[in-house]
Amino acid sequence: MMQHIDNETLIDYMHGALPPQADAAVYAHMETCAQCREQFEAEAALTEMLHSYAAATERDFPSTLKAEIWSRVRSAQPSFWSRVRDNLRPAVFVPVAAALALAAYFGSTLLSPHAPPSIEAAYYLQDHAALNTTVPFSDRNSSTPVDLQNGAMIAPSEETAVNVQPASYTADAGQ
């Protein structure tokens, strides 16, 4: 390093604010340059003098003021809303909200004066028996539906009725 070190770099060096390479270069330069070393020592002396002056003129709060502040801090009570907000943290709020939702749901169904309509089992048995008689080719239904006995499909009206031929129907017979 041929140039002398500027004042800002010396201050950064004193406070350890330089990167490692720059720090090593400043150290090496001060080992060989007496003028930069004197400037560094002058900056160090000035910094020390400022620190001592600040310590000597430091003012402290009066002890009564400190005591009053600490007594007010210790006796301060949180407001109602801050206590509510603190209690509504997710760890507390989520389980409480879930319990309230369950209570509202089950409470309304359990405490309602209207009972749900009940259907007797006989209704289901009769409905099942009626449906079984209408299922074609059922094991319990020995008769074949009338529509399938003669091989003809019965349409809703006479004009759209189509005759279906038995299994001997061929492709050129339909033309």
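As a reminder, the structure under discussion sits directly above these lines.
Calculation notes
Residues numbered from 1 in each chain as written. Predicted model: local features only at pLDDT ≥ 70, side-chain atom pairs only at ≥ 80, totals over all residues. Heavy atoms only, no water. Patch = residues over 30% accessible without salt bridge, like charges linked within 9 Å, V, L, I, M, F, W, Y side chains within 5 Å. Areas by Shrake-Rupley, 256 points an atom, 1.4 Å probe, with all protein chains shown as cover. Salt bridge = Lys/Arg side-chain N within 4 Å of Asp/Glu carboxyl O. Helix = DSSP H or I, 4+ residues; strand = E, 2+ residues; numbered from the N terminus. Buried < 20%, exposed > 50% of the residue type's maximum accessible area, 1.4 Å probe, protein only. Lys, Arg positive; Asp, Glu negative; His and termini not counted. Polar contact = N/O pair within 3.5 Å; in protein donor to acceptor, adjacent residues only side chain to side chain. Core = buried A, V, L, I, M, F, W, Y, C linked by side-chain atoms within 4.5 Å. Contact = heavy atoms within 4.5 Å. Axes fitted to C-alpha atoms, helices over the stretch in contact; angles between N-to-C directions. Parallel < 35°, antiparallel > 145°, perpendicular 65-115°, else oblique. Nonpolar A, V, L, I, M, F, W, Y, C, P; charged D, E, K, R; others polar.

Q: Tell me about a nonpolar patch on the surface, and name the residues and values.
A: Where nonpolar side chains cluster on the molecular surface, the patch consists of Phe61, Leu65, Ile69, Trp70 and Val73 and spans about 520 Å² of accessible area. Looking at where Trp70 falls in the secondary structure, it is placed in helix 4 (residues 63-75).

Q: How would you summarise the side chain of Glu43 if you had to cite specific residues and measurements?
A: Mapped onto the secondary structure, Glu43 falls in helix 3 (residues 34-56). Buried charge without a partner: Glu43 forms no salt bridge, and the closest opposite charge is Arg37, 16 Å away. One polar contact links Glu43 to Asn7, side chain to side chain, over a distance of 3.4 Å.

Q: Run through the nonpolar core, naming residues and quoting values.
A: Core analysis: the biggest nonpolar cluster contains eight residues, these being Ile5, Leu10, Tyr13, Leu18, Val26, Met30, Cys33 and Cys36. Listing elements by their share of this core, those giving two or more residues are helix 1 (7-14) and helix 2 (20-32). Residues in contact with Cys36, not counting those within four places in the same chain, are His4, Ile5, Leu10, His29 and Met30.

Q: Pulling in residues and values, what's your account of the packing of helix 1 against helix 2?
A: Between helix 1 and helix 2, the shortest axis-to-axis distance is 11 Å and the interhelical angle comes to 110°. For the element pair helix 1 / helix 2, the angle class is roughly perpendicular. Facing helix 1, whose interface residues are Thr9, Leu10 and Tyr13, helix 2 presents Asp23, Val26, Tyr27 and Met30. When grouped by side-chain class, the residues that make up the contact of helix 1 with helix 2 number five nonpolar, one polar and one charged.

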